[in-house]
Amino acid sequence: MTTVDDLLAAARARLERPDPHRAAEMVRRGAILVDIRPGWQREQEGELPGALVVERNHLEWRLDPASDARISEAVDHDVTWIVVCSEGYSSSLAAASLQDLGLHNATDLDGGYRAWRAAFG
């Protein structure tokens, strides 16, 4: 029987998870931060400047370049997406799901929004 911890470990085994400083450098080179936290959590914790907000339940449809519901930034399968949640757990599962769609450069922020806030204020 598979547990959520097993799913998380499998997801993270195939992700190169940048810390906040490396993620900021990746963004400067064209990567896109995607904040998947629900509205109440963004309101409570704070906004992530420069990030696209795509709540988790819409993520695959918005980032899949083959989807009719895609966002304009979802131009092809080579876009580098850095998915961000609060602490970096659900974002790992989400990034693995994006990789399953062929978005091979998808990853997530190690430590999530809280790590970003600790690094940059």
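Computed from a predicted model, the values in this text were never measured in an experiment.

**Student:** Sorry if this is basic, but what is going on with the packing of helix H1 (residues 4–13) against helix H5 (residues 90–100) here?
**Tutor:** How two helices sit against one another is set out by the angle between their axes and by the gap between those axes. Close contact between H1 and H5 brings their axes to 9 Å; oriented N to C, the two are set at 60 degrees. With respect to each other, H1 and H5 are oriented oblique. In this structure, H1 crosses over H5, and the sense of that crossing is left-handed. Here H1 contributes Leu-7, Leu-8, Ala-11 and Arg-12 to the contact with H5, which in turn contributes Ser-92, Leu-93 and Ala-96.

**Student:** Can you walk me through the packing of aromatic side chains in this structure?
**Tutor:** Any pair of aromatic rings gets described here by the distance separating the centres and the angle formed by the planes. Applying the stated criterion across every chain yields a total of one aromatic pair. Here Arg-37 stacks its cationic end above the ring of Tyr-113, 4.1 Å away from the centre of that ring.

**Student:** Got a minute to help me understand a nonpolar patch on the surface in this structure?
**Tutor:** A grouping of Val-4, Leu-7 and Leu-93 is seen on the molecular surface, where their side chains present a nonpolar patch of about 260 Å² in accessible area. Relative to the assigned elements, Val-4 resides in helix H1.

**Student:** Help me out: how do you make sense of the environment of Leu-52 in this one?
**Tutor:** Position of Leu-52 relative to the elements: it lies in strand S2 (residues 52–53). Using a relative accessible area of 23% as the deciding quantity, one classes Leu-52 as partly exposed. In this structure the C-alpha to C-alpha distance between Leu-52 and Leu-15, which are 37 residues apart in sequence, comes to 20 Å. Here Leu-52 is in contact with Ile-32, Leu-33, Val-34, Asp-35, Ile-71, Glu-73 and Trp-81, once residues within four sequence places are set aside.

**Student:** So what exactly am I meant to see when it comes to the side chain of Arg-17 here?
**Tutor:** Here Arg-17 is to be found in the loop between H1 and helix H2 (20–28). A distance of 3.0 Å separates a polar atom in the side chain of Arg-17 from the backbone oxygen of Gly-88. Side-chain polar atoms of Arg-17 contact the side chain of Ser-92, separated by 3.3 Å. Leave out the neighbours within four places in its chain, and Arg-17 touches Arg-12, Gly-88, Ser-92, Thr-107, Asp-108, Leu-109, Asp-110 and Gly-111.

**Student:** What's the story with the pattern of salt bridges in this structure? I'm lost.
**Tutor:** Oppositely charged side chains can pair when the atoms bearing their charge come close. For the coordinates displayed, the defined rule picks out eleven salt bridges. With its nearest N and O atoms 2.9 Å apart, the salt bridge here joins Arg-37 to Glu-45. Across this residue pair, the class does not change: Arg-37 and Glu-45 are buried. In this structure, the salt-bridge partner of Arg-114 is Glu-87, at a minimum N-O distance of 3.3 Å. Here Arg-114 is found in helix H6 (residues 112–120), whereas its partner Glu-87 is found in the loop between strand S3 (81–84) and H5, with 27 residues between them in sequence. The class of Glu-87 is partly exposed, set by a relative accessible area of 39%. Overlapping salt bridges bring together Asp-35, Arg-37, Glu-45, Glu-87 and Arg-114 as one network.

**Student:** Help me out: how do you make sense of the sheet that holds S3 in this one?
**Tutor:** Think of a sheet as strands paired side by side through backbone hydrogen bonds, with each pair either parallel or antiparallel. Ordered by their spatial adjacency, four strands build an open sheet running S2-S1-S3-S4, and the pairing between neighbours is parallel. For this open sheet the edge positions go to S2 and strand S4 (107–108), each flanked by a neighbour on one side alone. The sheet contact formed by strand S1 (residues 32–35) and S2 spans two bridges and is parallel. Residue pairing for S2: Asp-35 is matched across the bridge by Val-53.

Calculation rules
Residues numbered from 1 in each chain as written. Predicted model: local features only at pLDDT ≥ 70, side-chain atom pairs only at ≥ 80, totals over all residues. Heavy atoms only, no water. Axes fitted to C-alpha atoms, helices over the stretch in contact; angles between N-to-C directions. Helix = DSSP H or I, 4+ residues; strand = E, 2+ residues; numbered from the N terminus. Parallel < 35°, antiparallel > 145°, perpendicular 65-115°, else oblique. Left-handed = near helix turned anticlockwise from the far one by under 90°. Contact = heavy atoms within 4.5 Å. Phe/Tyr/Trp six-rings, centres within 6.5 Å; stacked < 30°, edge-to-face > 60°. Lys NZ or Arg CZ within 6 Å of the ring centre and 35° of its normal. Patch = residues over 30% accessible without salt bridge, like charges linked within 9 Å, V, L, I, M, F, W, Y side chains within 5 Å. Areas by Shrake-Rupley, 256 points an atom, 1.4 Å probe, with all protein chains shown as cover. Salt bridge = Lys/Arg side-chain N within 4 Å of Asp/Glu carboxyl O. Buried < 20%, exposed > 50% of the residue type's maximum accessible area, 1.4 Å probe, protein only. Polar contact = N/O pair within 3.5 Å; in protein donor to acceptor, adjacent residues only side chain to side chain. Pairing = 2+ DSSP bridges.

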